[in-house]
Every structure is written in C-alpha cells, then in structure tokens.
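Overview (structure and organization)
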Amino acid sequence: MNISNHSVVLITGASRGIGAAAARAFAERGAAVGLFARSADAVHALADEIREQGGRALALAGDVGRYGDLADAVGQCRDTYGRLDVLINNAAVIDPIARLDESDTDAWGQAIDINVKGVYYGVHAVLPTMLRQGAGAIINISSGAANNALEGWSAYCASKAAVLSLTKSVYLEYASRGVRAVGLSPGTVATEMQVAIRQSGVNPISQLDWSAHIPPEWVGRALLWLAGPDGREFDGGDFSLRSERGRALLDSYRQLLN
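Comments concerning the pairing of strand E5 (residues 136–141)
In terms of burial, E5 is largely enclosed, as six of its six residues are buried. Neither face of E5 is exposed, since Gly 136, Ile 138 and Asn 140 on one face and Ala 137, Ile 139 and Ile 141 on the opposite face are all buried. Relative to E5, strand E4 (residues 86–89) runs parallel, the two being bridged by four bridges. Looking at E5, one finds that Leu 87 is bridged to Ile 138. For the handedness criterion, the β-α-β arrangement of E4, helix H4 (residues 105–133) and E5 is classed as right-handed.

Quick notes on the environment of Ile 139
If you trace the backbone, Ile 139 turns up in strand E5. The buried category is assigned to Ile 139, whose relative accessible area is 1%. Residues Ile 139 and Gly 183 lie 44 residues apart in sequence; the distance between their C-alpha atoms is 5.4 Å. Not counting the four nearest positions on each side in its chain, Ile 139 is found in contact with Val 86, Leu 87, Ile 88, Asn 89, Val 182, Leu 223, Leu 226 and Ala 227.

What to know about the pattern of salt bridges
Within the structure shown, the criterion is met by ten salt bridges. The residue Glu 49 makes a salt bridge to Arg 24 at a minimum N-O spacing of 2.7 Å. Of the two residues, Glu 49 is situated in helix H2 (residues 40–52) and Arg 24 in helix H1 (residues 17–28); the sequence distance between them amounts to 25 residues. Arg 24 gets classed as partly exposed once you look at its relative accessible area, which sits at 32%. Arg 51 serves as the salt-bridge partner of Asp 48, at 2.8 Å between the closest nitrogen and oxygen. Of the two residues, Asp 48 and Arg 51 are both situated in helix H2; the distance of three residues between them amounts to about one turn of the helix.

What about the sheet that holds strand E6 (residues 179–185)?
Across the sheet, which stays open at both edges, the seven strands sit in the order E3-E2-E1-E4-E5-E6-E7 with parallel pairing between neighbours. Only two strands of the sheet have a single partner each, and these edge strands are strand E3 (56–61) and strand E7 (238–240). Mean inter-strand twist for the sheet, computed between neighbouring axes without regard to direction, equals 20°. Relative to E3, strand E2 (residues 32–37) runs parallel, the two being bridged by six bridges. By the bridge assignment, Gly 34 is partnered in E3 with Leu 58. Strand contacts of helix H7 (residues 216–227): E4, E5, E6 and E7, with the helix running at about 155° to E6, the strand carrying the most contacts.

As for empty space enclosed by the protein
The full count for this structure, using the stated rule, is one cavity of 30 Å³ or more. As for the largest cavity, its lining consists of Thr 12, Val 64, Asn 89, Asn 90, Ala 91, Ile 114, Gly 118 and Val 119. The element best represented in the lining of the largest cavity is H4, accounting for three residues. For the lining of the largest cavity, the class distribution of residues is four nonpolar, four polar and no charged.

Thoughts on the nonpolar core
In terms of nonpolar packing, the biggest core is built from 43 residues, with Phe 26, Leu 35, Ile 88, Leu 184, Leu 223 and Leu 241 touching the most fellow members. Sorting elements by how many residues they give to this core places H7 first, with eight residues.

Notes on H2
When the terminal C-alpha atoms of H2 are compared, their 18 Å separation across 13 residues agrees well with the 18 Å that a helix rising 1.5 Å per residue should span. Listed in full, the buried residues belonging to H2 are Val 43, Leu 46, Ala 47 and Ile 50. Looking straight down H2, one finds that the buried residues subtend no more than 100° of arc, so they occupy a single side. Turned more than 90 degrees away from the buried face of H2 sit Asp 41 and Glu 52, all of them exposed. Of the surrounding secondary structure, the elements contacted by the buried residues of H2 are H1, E2 and E3.

Considerations on helix H3 (residues 67–81)
Because an α-helix packs 3.6 residues into every turn, residues spaced three or four apart end up facing the same way. In this model, H3 (15 residues) spans 21 Å end to end at C-alpha, consistent with the 21 Å of a helix rising 1.5 Å per residue. Turning to H3, its buried residues are Asp 69, Leu 70, Ala 73, Val 74, Gly 75 and Cys 77. Looking at the buried residues of H3, the elements they touch are strand E1 (8–12), E2, E3 and H4. Once H3 finishes, Gly 82 follows within two positions and takes phi at roughly 90°, a positive value.

Thresholds, definitions, all that
- Residues numbered from 1 in each chain as written.
- Predicted model: local features only at pLDDT ≥ 70, side-chain atom pairs only at ≥ 80, totals over all residues.
- Heavy atoms only, no water.
- Buried < 20%, exposed > 50% of the residue type's maximum accessible area, 1.4 Å probe, protein only.
- Helix = DSSP H or I, 4+ residues; strand = E, 2+ residues; numbered from the N terminus.
- Pairing = 2+ DSSP bridges.
- Right-handed = clockwise from strand over helix to strand, strands pointing away.
- Contact = heavy atoms within 4.5 Å.
- Salt bridge = Lys/Arg side-chain N within 4 Å of Asp/Glu carboxyl O.
- Axes fitted to C-alpha atoms, helices over the stretch in contact; angles between N-to-C directions.
- 1 Å grid on protein atoms, 1.4 Å probe; cavity = no way out; pocket = protein on both sides within 12 Å on 5 of 7 lines; lining within 4 Å.
- Points joined across faces, edges and corners; volume = space filled by probe spheres on them.
- Nonpolar A, V, L, I, M, F, W, Y, C, P; charged D, E, K, R; others polar.
- Core = buried A, V, L, I, M, F, W, Y, C linked by side-chain atoms within 4.5 Å.
- Expected span 1.5 Å × (residues − 1).
- Arc of directions from axis to C-beta.

Put into structure tokens, the structure is as follows:
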C-alpha cells in the first residue's frame, strides 16, 4: 500500500525509541497514528507533538501483555479513523539478561508475555478489521537474535525466534486475503535498550561503542518504506537492515543528513 493521509497505523511501544520514531515518520507522510504504550504521559505528549505539527494522533495507554488493552486500542483506532491499515508490533524488552541457570523465572515469563504474546495479541486484534477491508500490513520488529543465540539473552532470543515464526504464520494463512506480514530486523539501535545491554556487560553486543548503533529515526524511515509497495517482496520473512538492500537504505538516510 502507499502510505498517505488515508492510512491509519497502530504502533505498540510508541512512547520512545523506534516506536516514537516510527510514529513521527508515518505522521509526516500524512497517516493517522495510534500510539500504544504503558506510559500514558509519554504517548499523550507525543500525540500532542504530532497534532501541533498538523498531524493526526491518538494516545492509547495500555499493556501489550493484556489482550483486552490491545483489542480496545484497535477498536478506538477503527472508531476514530474508520479503518486500520498497518500494525507495527514494536513493544519488547531485553530483560532478563542472565545465563539460564541464573535467570529469574518470573522475569523470563514476563519477557515472553510482552515479546511474544504481545505480538500475537496485536495480530489477533487487528485481523478481523484487516480481513473485512481485504487489505492490511502487519510489521513485526525482529532481530538477528531470532536466528542466533547470544549469551545471557535466552528470553530475548527465544522470543524473537517465536515472533519470526508468527510472521511466517500470518503470511501463510492470510496473504491470499490481502493481509501482509513482514519482520524488520534493524540491527543495533541507539535506544534505552542498548543502555541496559551495555550496563549488563554480557556478550559482545554490550561492548559496542554507542557510535556503532544506528539512530531510531532511520528505523522509523525503514518501517515507512517496508509498509509501502517496495517492501512486499520481503513478506513472509524478515528484512534486515544489515542486508545489501538494507545497507543501501541506510546509506540513503545518511546522505539526507549531509
């Protein structure tokens, strides 16, 4: 689909980092954005910012680990704007960072609630609307961790592998009915998650210099591109910003800043 002032996008984890950057990118293109996150103050502030710049935004406070919260958010987007074209499942946590024998079982389970069940809940909540429309795009934020185990990241790696499988499942079951499903693997991004990773001191990712991480604004632009017609060839799997095509995108974003 072409993102325009007729498009409606729901973004989870929209209060900061990749989610907030994506919200700004889609709003600048004219789309109405539903901003879903646990931090009510943050999503209201971002919605106000977007509206002050002439955009359309709806603040939606809730927890992706509770299906009712996501179902309500989908309903509010649909009732406010009349449709729902894109879901970006972005909300995720990195904790617990610990070797398996030292990990906290409750924290491990909470990561699955957010990173896996939260994605499933979002997909389940938007499908009826997208199927009625005969069109829609579901973009799940993925990771290289979906395919590669990293010390101390068992919960995160397992959850991202599950999300990749969910992406494939949505594509298998609904592509023929007009619903797209694709993952975006952005690499390392300069967000608060990377601060936590660095503080942990576990595995080589924690040793990366801050300059090695790409800005979240570049990921927001990549999501905008992936939601458009050029992203269709990657449906049913993950598009990596570390791939040749992904690096070309990032180079174009660098040139925009020069």
